[in-house]
Amino acid sequence: MPKLTTSLPRYRNHKASGQAVVTIAGKDHYLGRHGSKASRMLYDRLVVEWLSNDRQPTKPAGESLTITEVIARYWKHTQQLVTTFWTKVREYLPHSIS
């Protein structure tokens, strides 16, 4: 079982090449010259994408989803819709009914 953590992947120096590197989901991403503004911006983009995907690795553009992934995404979407719907309904109901 992996150790659960709330920390972000580290921006670090790959000493052999002098490049910045970050490891996300077990894969090293080389970002360019360590300490450069461009490498920091790429690091920020990769970490934001990873966080917005619930700390899961992002899939390449051409990769397809499994049936389980489609169902899970649909379920999450419908739960958000239902929650939003009932929140709006409660705003319009008289207080004696709710």
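These notes cover the structure that comes with them. The shown structure was predicted, so the numbers you read here are calculated from the model rather than taken from an experiment.

Looking at the layout of surface pockets
In this approach a probe as big as a water molecule rolls over the atoms, and the regions it shows empty are the leftover space.
And step 1. Estimated volume of the largest pocket: approximately 300 Å³.
And step 2. Taken together, 11 residues form the lining of the largest pocket, with Asn 53, Asp 54, Gln 56, Glu 69 and Arg 73 sitting closest to its centre.
And step 3. By residue number, the principal contributor to the lining of the largest pocket is helix H2 (residues 67-92), which donates four residues.
And step 4. Residue composition of the lining of the largest pocket, by class: two nonpolar, four polar and five charged.

Digging into the packing of aromatic side chains
Two descriptors summarise a pair of aromatic rings, namely the distance from one centre to the other and the angle between the planes of the rings.
And step 1. Across all of its chains, the model carries two aromatic pairs by this definition.
And step 2. Between Tyr 11 and Tyr 43, the aromatic rings sit 5.6 Å apart at their centres with planes inclined by 75°, giving edge-to-face as the arrangement. Separated by 32 residues along the polypeptide, Tyr 11 in the segment before strand E1 (12-14) and Tyr 43 in helix H1 (residues 37-52) bring together distant segments of the chain. Comparing Tyr 11 with Tyr 43 shows no difference in burial state: the two are buried.

Conventions and cut-offs
Residues numbered from 1 in each chain as written. Predicted model: local features only at pLDDT ≥ 70, side-chain atom pairs only at ≥ 80, totals over all residues. Heavy atoms only, no water. 1 Å grid on protein atoms, 1.4 Å probe; cavity = no way out; pocket = protein on both sides within 12 Å on 5 of 7 lines; lining within 4 Å. Points joined across faces, edges and corners; volume = space filled by probe spheres on them. Helix = DSSP H or I, 4+ residues; strand = E, 2+ residues; numbered from the N terminus. Nonpolar A, V, L, I, M, F, W, Y, C, P; charged D, E, K, R; others polar. Phe/Tyr/Trp six-rings, centres within 6.5 Å; stacked < 30°, edge-to-face > 60°. Buried < 20%, exposed > 50% of the residue type's maximum accessible area, 1.4 Å probe, protein only.

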